[in-house]
Amino acid sequence: MLKSVQTIKDSCKELKQVSSLTGTALLTALKAILAQFTIPVSNIFEIGFTQVVVGVCGLYYGPVLSGLAGILMDNIEYLLRPSGPYFPGFALNEFMTGFLYGLFFYKQENISWKRVLCAQLSVTCVNNLFLTPLWLSILYGKAFHVLWMSRLTIQFIRFPIDFALLYIVIRTVTKIRKPRV
């Protein structure tokens, strides 16, 4: 618990660093570009690559800056490619994704597959299995449990793909990154 509080404090300091803000802006732009290249599998399921960018942002800049960047990313993506009505709850999803990845990855020297698995599991449970069905229920008036069941089925397929992509990218970035001074 104390380590998480210190991680959040350290991440708040990133807000004062020009290099951190610049790096976050570049990752935000990259995420906006990658969001345009999703692979539709069905009308309710698509494979995207944007979550790895958020994971890298969490790795470098921590939970606070990554979470705030997530809100910005969500709004930019909606402006570039709107799909349905705008709903601010989805910006909260993006904040939580960046925040959770930041908690798991920020200032970690060697990131194991277990840490990546826990991070991806947290994001999947909080966002994909709880918040997204809640927002869809509010938006469209459908029963939460019906939406939850359909999301659960999708997550069984999507989770291994998301985990593998995130693990490969995070491990690669941790091998090539230079220590920050």
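Coordinates for the structure precede this section.
The text that follows walks through the structure, step by step, so that each part is easy to find.

Rules and cut-offs
- Residues numbered from 1 in each chain as written.
- Predicted model: local features only at pLDDT ≥ 70, side-chain atom pairs only at ≥ 80, totals over all residues.
- Heavy atoms only, no water.
- Axes fitted to C-alpha atoms, helices over the stretch in contact; angles between N-to-C directions.
- Helix = DSSP H or I, 4+ residues; strand = E, 2+ residues; numbered from the N terminus.
- Parallel < 35°, antiparallel > 145°, perpendicular 65-115°, else oblique.
- Left-handed = near helix turned anticlockwise from the far one by under 90°.
- Nonpolar A, V, L, I, M, F, W, Y, C, P; charged D, E, K, R; others polar.
- Phe/Tyr/Trp six-rings, centres within 6.5 Å; stacked < 30°, edge-to-face > 60°.

**A few points about the packing of helix α2 (residues 18-34) against helix α3 (residues 50-80)**
At a minimum axis distance of 8 Å, the contact between α2 and α3 shows a crossing angle of 50°. Taken together, α2 and α3 sit at an angle that is classed as oblique. Our pair here, α2 against α3, has a crossing hand that is right-handed. Here the residues of the contact of α2 with α3 are counted per class, giving 16 nonpolar, six polar and two charged.

**Remarks on the packing of aromatic side chains**
Evaluated as defined, the whole model comprises nine aromatic pairs. Geometrically, the ring pair formed by F130 and F144 is edge-to-face, given 6.2 Å between the ring centres and 65° between the ring planes. Placement of F130 in helix α5 (residues 113-140) and of F144 in helix α6 (residues 144-176) is noted, with a sequence separation of 14 residues between them. When the ring of F159 is compared with that of F163, the centres are 6.5 Å apart and the planes differ by 5°; the resulting orientation is stacked.

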